[in-house]
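Descriptive structure summary
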Amino acid sequence: MLVDWLVLGLAATGSIALASVGTRLALGYARRRALIDEPGRRRSHVIPTPRGGGLGVVLALLVVLAWVLSRGDLPMNQALAFGIGMF
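Values in this document were obtained by computation on a predicted structure and should not be read as measured data. (Residues numbered from 1 in each chain as written. Predicted model: local features only at pLDDT ≥ 70, side-chain atom pairs only at ≥ 80, totals over all residues. Heavy atoms only, no water.)

Next up on the list: unusual backbone geometry. A positive phi angle is found at alanine 34, which is not glycine, with a value near 60°. Of note, alanine 34 is situated in the loop between helix 1 (2-32) and strand 1 (36-37). (Helix = DSSP H or I, 4+ residues; strand = E, 2+ residues; numbered from the N terminus.)

Glancing now at the environment of valine 57. Turning to its location among the elements, valine 57 is positioned in helix 2 (residues 55-71). Classification of valine 57 by relative accessible area gives partly exposed; the value is 39%. On a C-alpha basis, the gap between valine 57 and serine 44 in space is 21 Å, while along the polypeptide they are 13 residues apart. (Buried < 20%, exposed > 50% of the residue type's maximum accessible area, 1.4 Å probe, protein only.)

Turning to helix 2, a few remarks are in order. Taking 1.5 Å of rise per residue, the 17 residues of helix 2 would be expected to cover 24 Å, and the 25 Å separating its terminal C-alpha atoms lies within 8% of that figure. Among the residues of helix 2, those classed as buried are Gly56, Val58, Ala60, Leu65 and Val68. Directly after helix 2, the chain includes glycine 72, whose backbone phi takes a positive value near 80°. (Expected span 1.5 Å × (residues − 1).)

Moving on: the pattern of salt bridges. Pairs can form between side chains of opposite charge once their charged atoms are near each other. Here the structure, examined in full by the defined rule, presents two salt bridges. Among the salt bridges present, the one from arginine 43 reaches aspartate 37, with a minimum N-O distance of 3.1 Å. Residue classification places arginine 43 among the partly exposed positions, given a relative accessible area of 42%. On the basis of relative accessibility, which here comes to 19%, the residue aspartate 37 falls in the buried class. Salt bridges linked by common partners bring Asp37, Arg43 and Arg51 together as one network. (Salt bridge = Lys/Arg side-chain N within 4 Å of Asp/Glu carboxyl O.)

Its location among the elements puts tryptophan 67 in helix 2. With 25 residues separating them along the chain, tryptophan 67 and arginine 42 place their C-alpha atoms 39 Å apart. If we skip the residues at most four places from it in the chain, tryptophan 67 touches Val7 and Ala11. (Contact = heavy atoms within 4.5 Å.)

At a closest axis distance of 11 Å, the pairing of helix 2 and helix 3 (residues 76-85) adopts a crossing angle of 175°. The orientation of helix 2 with respect to helix 3, classified from their angle, is roughly antiparallel. Residues Leu61, Leu65 and Leu69 of helix 2 form the contact with helix 3, whose participating residues are Met76, Ala79, Phe82 and Gly83. Residues of the contact of helix 2 with helix 3, tallied by class, amount to six nonpolar, one polar and no charged. (Axes fitted to C-alpha atoms, helices over the stretch in contact; angles between N-to-C directions. Parallel < 35°, antiparallel > 145°, perpendicular 65-115°, else oblique. Nonpolar A, V, L, I, M, F, W, Y, C, P; charged D, E, K, R; others polar.)

This part takes up the side chain of aspartate 37. Within the secondary structure, aspartate 37 is located in strand 1. Within the structure, the side chain of aspartate 37 is placed 3.1 Å from the side chain of arginine 43, a separation counted as a polar contact. Once residues within four sequence positions are removed from consideration, aspartate 37 is found in contact with Arg43, His45, Ile47, Pro48, Thr49 and Arg51. (Polar contact = N/O pair within 3.5 Å; in protein donor to acceptor, adjacent residues only side chain to side chain.)

Structure (structure tokens):
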């Protein structure tokens, strides 16, 4: 039982780190390529905002999903529904 909690804690820490690094890389790429949403009447932000920062989070979730599947902790149909739902 304690081992399961340790594995879960390590997985959570790793996924947070992966999402943080992935988001930072995606935002850096967006800034270098000028993939910027400008403020406007139909926009929800008031300052120029880079696009694509959520890509790091999605990739981290897919990595964790693959790991959970490899452990057999989640049925395949639920994993597919979750993976498809992210897009």
